[in-house]
Amino acid sequence: MTDERMALLELVEKGADADLVRDLLAFAAERLMAAEVEQLTGAAHGARTPDRTNHRNGYRERGWETRAGRIGLAIPKLRKGSYFPAFLEPRRTAEKALTAVIQEAYVHGVSTRSVDDLVKAMGGTGISKSQVSRLCEDIDERVQAFLSRPIEGSWPYLWIDATYLKSRKGGRVVSVAVIVAVGVNTDGRREVLGVATGASEAEVFWTGFLRTLADRGLRGVRLVIADDHKGLRAAARRVFSAGLQRCRVHWARNLLGHAAPKQRAAVAAMIRTIFAQDTKAEAFAQWDRVADALRAKHDRLGALMDASREDVLAYMDYPKEHWAQIASTNPLERVNKEIKRRADVVGIFPNDEAVIRLVGALMLEQSDEWAVSRRYFSLESLARLADTHSPQLPAVAAGANSDPS
């Protein structure tokens, strides 16, 4: 720590003029943000240079809580991508949650050698259960407030994906499905709307999960984008009267798994011609041609395609500007990678509550980052969505399984 920083902290601790300290901190924060944004854009503010790779796009107001009091920041926005000041520590809550999970595993005697080493590195040797409980309660309060908050407005698109983590139950290590739901509202903003653990292949689970979202105020859902989980289609129809877009990436992967290894490159090329079509009618026609061609050599591939055309091409009923994002669950790929990265540190969670604690904290901070980033969809394209009529949904029998595999 530098002498200058020590002197500044001493001013705060000794009760120096709070206004002066806040002004100093605000000035320093402004300079730090300017330097970080200059590095991201390749040019100073207002400078004309061929080295520029991005441009500023206004500011977003945010409060910064310091020991000298609250400071109002004007965080620069970028035309491409997003920016969040490093000094605001956007991962602080998640790091606390990770610490809590590791320490809880330690005090319950279920830690591996790597967890023991991590606890010692954090100075947690000899930590008591009461200390861990207090830490967990603090994290749980924030996470539960986030996961139970009211959902306001209309959310036309809802992505749902499952990640599988290891947890202890009844003395056994089991695979637990962690469900994350992300929505986009009519203002074009993304938020994490829900997190849960449960049986991802049970219709009763999906109905219960979606109803908790509806009870909190989720409205206006027109399309649910997810893998082909059993029971999810019926639950989405029952709770939201929404259609289901089957992730086309996972569908294609499943289809290729049924093809002979030497045929996969050719089959993949044929599938891509379907998604290259400009209209749903053209895509349907190309789908049928590809299915017939595959059927001639492999009956199973043709049958799989016959059973899944409407599910995989449902996204084409919506504005073309949205197709790339709503055709698959790929928008959640980065979220799932971050969950896995943090979960790998723990290895085996002591219980499902610890899973929700860590994943919930990560999702809370992910939503914070999205709140200061650019819109996921433009207002113009969302206006066109309002003029789009969703197709009439077919009747779905409770418990029906549309998985052709």
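Definitions and cut-offs
Residues numbered from 1 in each chain as written. Predicted model: local features only at pLDDT ≥ 70, side-chain atom pairs only at ≥ 80, totals over all residues. Heavy atoms only, no water. Salt bridge = Lys/Arg side-chain N within 4 Å of Asp/Glu carboxyl O. Helix = DSSP H or I, 4+ residues; strand = E, 2+ residues; numbered from the N terminus. Buried < 20%, exposed > 50% of the residue type's maximum accessible area, 1.4 Å probe, protein only. Pairing = 2+ DSSP bridges. Contact = heavy atoms within 4.5 Å. pLDDT = per-residue confidence, 0-100.

**Q** Help me get a handle on the pattern of salt bridges, residues and values and all.
**A** Any two side chains of opposite charge can pair, given that their charged atoms come close. Under the defined criterion, the tally for this structure stands at 18 salt bridges. Salt-bridge contacts for Asp352 lead to Lys169; the nearest nitrogen and oxygen are separated by 3.2 Å. Here the residue Asp352 occupies a position in helix H15 (residues 352-371), and Lys169 occupies one in strand S3 (residues 157-169), the gap between them amounting to 183 residues. Taking the shortest distance from any N to any O, the salt bridge between Arg295 and Asp292 comes out at 2.9 Å. A residue pair is termed a helical-turn pair when its members lie 3 or 4 positions apart in one helix, as Arg295 and Asp292 do in helix H10 (residues 280-297) at 3 residues. It is possible to trace a salt-bridge network through shared partners that takes in Asp187, Arg189 and Arg375.

**Q** An account of the pairing of strand S6 (residues 223-226) is requested, with residue identities and associated values reported.
**A** Here S6 shows no split at all, with Leu223 and Ile225 on one side and Val224 and Ala226 on the other all buried. Two elements, S3 and S6, share 3 bridges in a ladder whose sense is parallel. Looking at S6, one finds that Trp159 is bridged to Ile225. Where S6 meets strand S7 (residues 243-246), 4 bridges bridge the pair, whose relative direction is parallel.

**Q** How would you sum up helix H7 (residues 232-240)? Please name residues and give values.
**A** Listed as buried for H7 are Leu232, Ala234, Ala235, Ala236 and Phe240. Of the surrounding elements, those touching the buried residues of H7 are S3, helix H6 (203-215), S6 and S7. Remark: Ser241 follows H7 within two positions and exhibits a positive phi of approximately 55°.

**Q** Go over the environment of Arg253 with me, naming the residues and quoting the values.
**A** Counting through the fold element by element, Arg253 comes out in helix H8 (residues 248-257). In the structure, Arg253 is positioned 15 residues away from Ala268 in sequence and 9.1 Å away in space, judged by C-alpha atoms.

**Q** Could you give an account of the confidence of the model for the protein chain, with specific residues and numbers?
**A** Summing up the model confidence of the protein chain, the mean pLDDT is 81 and the portion of residues at 70 or higher is 77%. For the stretch residues 1-9, pLDDT sits under 50, and the model shows 6 contacts to residues farther than four places along the chain or on other chains. In this model, residues 11-16 is a region of pLDDT below 50 whose contacts with residues beyond four sequence positions or in other chains number 7 contacts.

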